[in-house]
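Structural description and commentary
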Amino acid sequence: MTLSCEAPVVAGMISRQALEEALGGWMQSWRVIAPVRQDGEVRFQPLDEPAAVAWDYANAKHSAKGVYLPQVERLLTYARTRDDLNQVKATDPPAGPTMLFGLRPCDARARLMVDQVMVDGVCRDRYYAARRDGTVVVGLACEHPRSTCFCGAFDSGPYDATGSDILLRSAGDMYLVDVVTERGAELAKDLALEPVDDEHSQRAEQAQAKAEGALRPMERLVGIEAALEGLWDDPLWQEISAKCLACGTCTYLCPTCHCFAVEDRALGDGGERVRAWDSCMYAGFTAHASGHNPRPDQASRWRQRVMHKFSYLPENVDAYGCVGCGRCVVSCPVNLDIRQVLARVWAAARTQAEESAL
Amino acid sequence: MTDAHPHICHCAENAYLPRSMQILRVITETDDHEIKSFDLVPVDDGEPFRFTPGQFCELSIVGEGEAPFGIASAPVEESFVRFSIKRIGRVTTRLHSLTPGTVIGMRGPLGNGFPMDAFAGKNLVVIGGGFAFTTLRSLLVQILQGGDRDQFGQLQVVYGVREPGLFLYREDLAAWQARDDIQVVQTIDVPVDGWHGQVGFVPQAVQELAPSAKNTVAVICGPPVMIRFTLPVLLELGFGREAIYTSLENRMQCGVGKCGRCNVGSKYVCVDGPVFSMAELDELPPEY
């Protein structure tokens, strides 16, 4: 029920300097997106020079979602004439190879999760698919999880290679290079790798143990879909949503939230039809033109958010719509903490089980 | 997705690109002028438009956007594709202002449609209320004119509206009234001068008609309140919940299971529906 990958193969190790040299080469043939420090914040941006990579960042406020699912993406352009209200021209799917460099394992898994819906679901989304097919991911294992991180609750962790083509693990002055996919094996050929010695192997393992130990203890979330089964009418949805402002920050920052709106925007004589990120936290998301709304209050919207991530997606695409990155926890203006919500889900399910046992 | 509702994917190329369709005819269906039918023909001479009764399309007007509508014509009516549209929002208001000759966009067919193979060999009771008769028309015309009438048993229809001027497809209804291989009960809410049909709500009319549940499926589309009160009548008559079908409306937008707004529980109305049996809906939360 969680995304996973074949056991990665340790291909060798490499110094940061040699890595930066390889990056310089990759920048010739790939559009390289990497974490870059700017205005006191780390953002995923097109890389200008290898030295600009923020190697030691704790996870970025914004995920790299905008790279694989742009916040606003043009689907077609149109001209407006009196008699032809379908003078449209499809926008070509994005072309050009992209490298997502330095993604933390949570974000690499999030991208893989969105793939399941957009490409591997019932219909192939050609815009998303073109971008996905042209993208490679060089992951960067996470040495310093934040206090809000909970990737471990999904049987994953700060060193999970799932979703990366190559995973880099820091070992002091060197990085160990794990090859995860065939594409990763191709990429590794560009690296001036040295054989891994015991010292660096141990250092990497120690760093991993330290990082995994730094995650705050939390109840395992794998299997929570079963706990949600009987909670449709539970009062918990009212209680948790009472302070929600419906600002949508959680869904915008979430690397797995992929719901969108299709809308037209006027530009001069014509315009463009775009898809733009939307949010299940908004009343207008499901409102019908008649005024009827199947999700009429914030409690039903919160239930949808939790059910979608932890029940419907596991059922439909065999993956949770959450990777434990904690961005929604960090940035919620009223401190609504998904970890506490999920703890309440477990508790409510236990209470129900106890009551039915009586 | 059950085997009875296979998803037929029509979006291999570009799921978001509407096909150009010219308005052939505009028919004002109701006396209040709020519902008009638009008969469309493809502008290109490409693939003929193939679909199953019960499927829907997204109609597109650049600058206004898209909205989902059930297909009201039948596959056998090959010379046009019909949508019957109530003026209610931005896209529909603009649509109502359009005249024949104008070109609009159409994406589809989308969704599962009625399980025609499962209906074959059975009696059908078709129950509609108010404006929700569009895909029911598609179903009935296909059975009556599609050349396979003898594949179905008895055909009974109950159609109720508030007042006589709100019936859609009055020419079709008159033609059906004259046939002996379909029984049509038209009912209005309160008596009106000059009305010779039945008076009363749909649940009562179904109760009085008392269709046999034996080897019969019921298809019911209408306002939620009508469905809520008709359902017990059907159950009382012996219909199983798996033999009662309805069609859901949610705010389908992408139409291909991606945009995430039309779901009822884990099912997407746009790909798993819009047609569901009551037995299928029993498995889902009441969020529609």
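Note that the coordinates shown come from a computational prediction; the quantities given were computed from them, not determined experimentally. (Residues numbered from 1 in each chain as written. Chains lettered and ligands numbered in written order. Predicted model: local features only at pLDDT ≥ 70, side-chain atom pairs only at ≥ 80, totals over all residues.)

Digging into the overall build of chain A
A tally of helices and strands in chain A yields 12 helices and 11 strands. For 358 residues, the compact-globule estimate of 2.2 N^0.38 gives 21 Å, and chain A sits close to it at 22 Å. Projected onto the principal axes, the alpha-carbon positions of chain A cover approximately 70 × 65 × 40 Å. Taken across its 358 residues, chain A has 46% of its residues classed as buried. (Helix = DSSP H or I, 4+ residues; strand = E, 2+ residues; numbered from the N terminus. Rg over C-alpha atoms; globule rule 2.2 N^0.38 Å. Buried ≥ 20, exposed ≤ 12 C-beta atoms within 10 Å, placed from the backbone.)

What to know about the overall build of chain B
The helix and strand inventory of chain B stands at seven helices and 15 strands. A compact globule built from 288 residues would reach a C-alpha radius of gyration of about 19 Å, and chain B, at 18 Å, matches this within 12%. Overall, chain B is about 50 × 45 × 35 Å in size when its C-alpha atoms are taken along their principal axes. Looking at chain B residue by residue over its 288 residues, the buried ones come to 52%. The long-range share in chain B, meaning contacts at least 24 apart out of those at least 6 apart in sequence, stands at 71%. (Contact = placed C-beta atoms within 7 Å.)

Quick notes on the domain arrangement of chain B
Residue and element names in this part refer to chain B. Here chain B is described as being made up of domain 1 (19-110) and domain 2 (116-247). Using only C-alpha atoms to locate each centre, domain 1 and domain 2 end up separated by 24 Å. Residue-level contacts link 18 residues of domain 1 with 15 residues of domain 2. Residue classes in the side of domain 1 that touches domain 2 are distributed as seven nonpolar, six polar and five charged. (Domains from an automatic or database assignment. Nonpolar A, V, L, I, M, F, W, Y, C, P; charged D, E, K, R; others polar.)

Considerations on the nonpolar core
V177 of chain A together with A218 and V219 of chain B are the most contacted members of the largest nonpolar core, which has 183 residues in total. The element contributing the most residues to this core is helix α3 (residues 105-118) of chain A, with eight residues. Beyond its immediate stretch of four places on either side in the chain, V177 of chain A contacts A11, G12, M13, I14, I166, L168, A188, L191 and L193 of chain A. (Core = buried A, V, L, I, M, F, W, Y, C linked by C-beta atoms within 7 Å.)

Topic: unusual backbone geometry
Residues and elements named next belong to chain B. In this model, G108 is joined to P109 through a cis peptide bond whose omega is 5 degrees. With respect to the helices and strands, P109 occurs in strand β6 (residues 103-110). Along the chain, G273 connects to P274 via a cis peptide bond; the corresponding omega equals 10 degrees. In this fold, P274 is placed in the loop between β14 (267-268) and β15 (275-277).

What to know about the environment of R295 of chain A
Mapping R295 of chain A onto the fold places it in the loop between β11 (270-277) and α10 (298-317). As for R295 of chain A and V317 of chain A, which are separated by 22 residues in sequence, their C-alpha atoms are 23 Å apart. Each residue touching R295 of chain A, except ones within four places of it in the same chain, is listed here: T286, S300, R301 and Q304 of chain A together with E287 of chain B.

Looking at the interface of chain A and chain B
By convention, interface size is frequently given as the accessible area that disappears when the constituent parts associate. Between chain A and chain B, the contact holds 39 residues from the first and 40 residues from the second. Per-element tally for the side of chain A that touches chain B: the top contributor is strand β10 (residues 260-267) of chain A, with six residues. Classifying every residue of the side of chain A that touches chain B gives 20 nonpolar, 10 polar and nine charged.

What to know about the packing of helix α5 (residues 202-209) of chain B against helix α6 (residues 224-236) of chain B
All names here are of chain B. Contact geometry for α5 and α6: axes closest at 8 Å, N-to-C directions at 20 degrees. The angle between α5 and α6 falls in the class roughly parallel. Where α5 crosses over α6, the two elements pack in a sense that is right-handed. Where α5 abuts α6, its residues V202, P203, V206 and Q207 lie against M226, F229, T230, V233 and L234. For the contact of α5 with α6, the per-class residue count stands at seven nonpolar, two polar and no charged. (Axes fitted to C-alpha atoms, helices over the stretch in contact; angles between N-to-C directions. Parallel < 35°, antiparallel > 145°, perpendicular 65-115°, else oblique. Left-handed = near helix turned anticlockwise from the far one by under 90°.)

Description of the sheet that holds strand β4 (residues 65-70) of chain B
Residue and element names in this part refer to chain B. Ordered in space as β4-β3-β6-β1-β2-β5, the six strands form an open sheet in which the pairing is antiparallel. At either margin of the open sheet sits one strand with a lone partner, and together these are β4 and β5 (81-86). Each neighbouring strand pair of the sheet contributes to a mean axis angle of 40 degrees, computed without reference to strand direction. (Pairing = 2+ DSSP bridges.)

Quick look at the confidence of the model for chain B
Residue and element names in this part refer to chain B. For chain B, per-residue confidence averages 93 on the pLDDT scale, and 96% of positions sit at 70 or higher. Note on residues 1-8: pLDDT is under 50 here. Beyond four places in sequence and across chains, it has 10 contacts. Scoring the predicted complex yields pTM 0.92 and, for the interface, ipTM 0.90. (pLDDT = per-residue confidence, 0-100.)

Structural notes on the confidence of the model for chain A
Scored by pLDDT, chain A comes out at a mean of 93, with 99% of its residues at no less than 70. Within chain A, helix α9 (residues 249-253) of chain A carries the highest mean pLDDT (97), whereas helix α4 (residues 126-133) of chain A carries the lowest (91).

Here we look at α5 of chain B
Residues and elements named next belong to chain B. Residues of α5 that are buried: V202, P203, A205 and V206. Buried residues of α5 fall within an arc of 160 degrees about the axis and therefore sit on the same side. Those residues of α5 that are buried are in contact with β7 (123-129), β8 (155-161), β9 (183-188), β10 (198-199) and α6. Trailing α5 by a residue or two, A210 shows a phi angle of about 45 degrees, which is positive. (Arc of directions from axis to C-beta.)

Considering the sheet that holds strand β12 (residues 244-247) of chain B
Residues and elements named next belong to chain B. If you trace the seven strands from one edge of the open sheet to the other, you get β10-β9-β8-β7-β11-β12-β15, paired in mixed fashion. Taken across any chain shown, the strands that pair with only one partner, and hence form the sheet edges, are β10 and β15. With six bridges joining them, β7 and β8 adopt parallel strand pairing. The residue of β8 that forms the bridge with L124 is L155.

Comments concerning the environment of V138 of chain A
Here V138 of chain A lies in strand β7 (residues 135-140). Not counting chain neighbours up to four residues away, the residues in contact with V138 of chain A comprise M99, F101, G102, S164, D165, I166 and L168 of chain A.

Quick look at the pairing of strand β2 (residues 35-42) of chain B
The side chains of a regular strand alternate between the sheet's two faces. All names here are of chain B. In terms of burial, β2 is largely enclosed, as six of its eight residues are buried. Counted between consecutive antiparallel strands, the loop separating strand β1 (residues 19-28) from β2 contains six residues, among which H33 sits at a positive phi close to 65 degrees. Note that β2 and β5 share six bridges and pair antiparallel. The partner of I35 across the bridge, within β5, is K86.

Quick word on the environment of G139 of chain A
Residues and elements named next belong to chain A. By the secondary structure assignment, G139 is in strand β7. Sequence-wise, G139 and V122 are 17 residues apart; in three dimensions their C-alpha atoms are separated by 29 Å. The residues touching G139, leaving out its near neighbours within four places in the chain, are L103, P105, A108, A161, S164, I166, L167 and L168.

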